[in-house]
Amino acid sequence: MMHVKAYHRPQTLEEALRLLQSEDTVPLAGGQQLLGDKQREAKAVVDLQALGLDRIEMEGERLRIGAMVRLQQLVNTFYGGAFLAEAAHRDGPLTYRNAVTVGGAIVTHDPLSCLLLGLLVLDAEVEVQRSDGARTVALDQLVVDPAHWVQRGLVTAVMVPLQMGGTAMTVVARTPRDRPTVAVAARVVRRGEACAEVRLAWGGVAPYPLRAYAVERALSGQTLEDANIEAAVDRAAEALQPRSDFRGSAEYRRAMLGVLTRRALWEAWSKAA
Ligand SMILES: Cc1cc2nc3c(=O)[nH]c(=O)nc-3n(C[C@H](O)[C@H](O)[C@H](O)COP(=O)(O)OP(=O)(O)OC[C@H]3O[C@@H](n4cnc5c(N)ncnc54)[C@H](O)[C@@H]3O)c2cc1C
């Protein structure tokens, strides 16, 4: 367990950002990863609980989800089979979901997080506050290298446009409640018999959750067919180097990517009708 050198609980964002400028001082959200990390040097922590970042609100045509919203809060709010609830539910058991925050999940950019895959296909954007000002970064850019964007600042919210189309999440794991070996999220907007818009995100095949842009481009404007999907996935997968570990070999991951992508796209297509 990490040794905490000092504990701060600021009441305002300005105070939190000021505290974070000091050496060896890091944000504390749900603590799931941070506090359990034995490798970390002793740190001063800035607890984000009192900053009012735990709200889910409508903001025009999009949903604004505060960085301190817990995964279980998403499950409760969107209860009834909604895509975001399903994605958050898939990420871990109740104790995990009650601790982990949306901001913590984004900054940790875990490649197996179904929540992040879901947010990616919904074209989510992330609000980052730093001492040099606020900015909005597309989630697909931020997850590649969160440290580059966040620096000594904070993720304060994720914005999710109310999207059209059908969505689906397909997963393969060693057991039904295990973390995924490979996971795929898809969103399809239909125009007649063709895909007007395709969004696809892959988990478990790269060091972070990955938007499959090449496959999206190949399928946009096309009629969905197994042959098209397989050809596009095979081409895109050539550039990937999935790792082999206790959950599955690289070969297994590659093979599952094709199967899960096909299933996710067809399910999203049928829901988009
Ligand atoms: C034992 C263990 C089990 C896990 N199991 C799963 C799992 O089942 N499914 C899954 O998807 N992932 C899992 N993970 C990884 C998971 O992604 C993180 O644990 C979780 O997302 C962290 O969220 P948190 O709110 O607890 O963040 P914390 O642990 O509090 O923080 C994590 C990191 O993010 C930084 N941070 C947190 N919030 C912010 C913010 N708003 N702005 C800037 N920086 C911030 C912290 O400083 C820290 O570096 C696991 C990790 C561990 C250690």
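Residues numbered from 1 in each chain as written. Predicted model: local features only at pLDDT ≥ 70, side-chain atom pairs only at ≥ 80, totals over all residues. Heavy atoms only, no water.

Caption draft 1: Seen up close, the packing of helix α3 (residues 83-90) against helix α6 (residues 114-121). Two elements in contact, α3 and α6, have axes separated by 7 Å at closest approach and are oriented at 155°. With respect to α6, the element α3 is oriented roughly antiparallel. Where α3 abuts α6, its residues Phe-83, Leu-84, Ala-87, Ala-88 and Arg-90 lie against Cys-114, Leu-115, Gly-118, Leu-119 and Val-121. Tallied by class, residues from the contact of α3 with α6 come to 8 nonpolar, 1 polar and 1 charged. (Axes fitted to C-alpha atoms, helices over the stretch in contact; angles between N-to-C directions. Helix = DSSP H or I, 4+ residues; strand = E, 2+ residues; numbered from the N terminus. Parallel < 35°, antiparallel > 145°, perpendicular 65-115°, else oblique. Contact = heavy atoms within 4.5 Å. Nonpolar A, V, L, I, M, F, W, Y, C, P; charged D, E, K, R; others polar.)

Caption draft 2: Region of interest: the domain arrangement of the protein chain. Each domain of the protein chain was delimited in the assignment, giving domain 1 (54-161) and domain 2 (166-272). Look at where the C-alpha atoms of domain 1 and domain 2 centre, and you get two points 21 Å apart. Across the boundary between the two partners, domain 1 contributes 23 residues, which contact 30 residues of domain 2. In this assembly, domain 1 packs against domain 2 so that about 2100 Å² is buried in total across both faces, 60% of it on carbon and sulfur atoms. Area buried by domain 1 at its contact with domain 2 is led by Arg-90, Leu-112 and Val-121, which between them contribute 32% of it. Across the pair Asp-140 and Arg-211 runs a salt bridge whose closest N-O atoms are separated by 3.6 Å. Looking at the side of domain 1 that touches domain 2, the elements with two or more residues in it are α3 and α6. Of the residues forming the side of domain 1 that touches domain 2, the biggest block, 6 residues, is contributed by α6. For the side of domain 1 that touches domain 2, a count of residues per class yields 12 nonpolar, 5 polar and 6 charged. (Domains from an automatic or database assignment. Buried area = accessible area lost by both parts, 1.4 Å probe. Salt bridge = Lys/Arg side-chain N within 4 Å of Asp/Glu carboxyl O.)

Caption draft 3: Representation of the side chain of Thr-170. Topologically, Thr-170 is positioned in strand β9 (residues 166-173). At 2.9 Å, the side chain of Thr-170 forms a polar contact with the backbone oxygen of Leu-260. Ignoring sequence-local partners within four residues, the contact set of Thr-170 consists of Val-182, Ala-183, Val-184, Leu-260, Arg-263, Ala-264 and Glu-267. (Polar contact = N/O pair within 3.5 Å; in protein donor to acceptor, adjacent residues only side chain to side chain.)

Caption draft 4: A look at the sheet that holds strand β4 (residues 56-59). In spatial order, the strands read β4-β5-β8-β6-β7; together these 5 strands make up an open sheet with antiparallel pairing. Here the strands that pair on one side only, and so sit at the sheet edges, are β4 and β7 (133-138). When strand polarity is set aside, the average angle formed by the axes of neighbouring strands in this sheet is 25°. Judged from the 6 bridges that link them, strand β6 (residues 125-130) and β7 form a sheet pairing that is antiparallel. Within β7, the position partnered with Glu-125 by the bridge is Ala-138. (Pairing = 2+ DSSP bridges.)

Caption draft 5: How the structure looks around the pattern of salt bridges. Under the defined criterion, the tally for this structure stands at 23 salt bridges. The salt bridge partner of Asp-178 is Arg-174, with a shortest N-O separation of 2.6 Å. Its relative accessible area of 12% is what places Asp-178 among the buried residues. Notably, a salt bridge pairs Arg-243 with Asp-245, separated by 3.3 Å at the nearest N-O pair. Taking relative accessible area as the criterion, Arg-243 reaches 60% and is therefore assigned exposed. Judged by its relative accessible area of 23%, Asp-245 falls in the partly exposed class. Overlapping salt bridges, with partners in common, bring together Asp-123, Asp-140, Arg-187, Glu-197, Arg-199, Arg-211 and Glu-216 in one network. (Buried < 20%, exposed > 50% of the residue type's maximum accessible area, 1.4 Å probe, protein only.)

Caption draft 6: Molecular detail of the pairing of β9. The buried fraction of β9 amounts to 6 of the 8 residues, a majority that puts the element mostly inside the structure. Note that β9 and strand β10 (residues 180-191) share 8 bridges and pair antiparallel. Bridging from a neighbouring strand, Val-172 pairs with Val-182 of β10.

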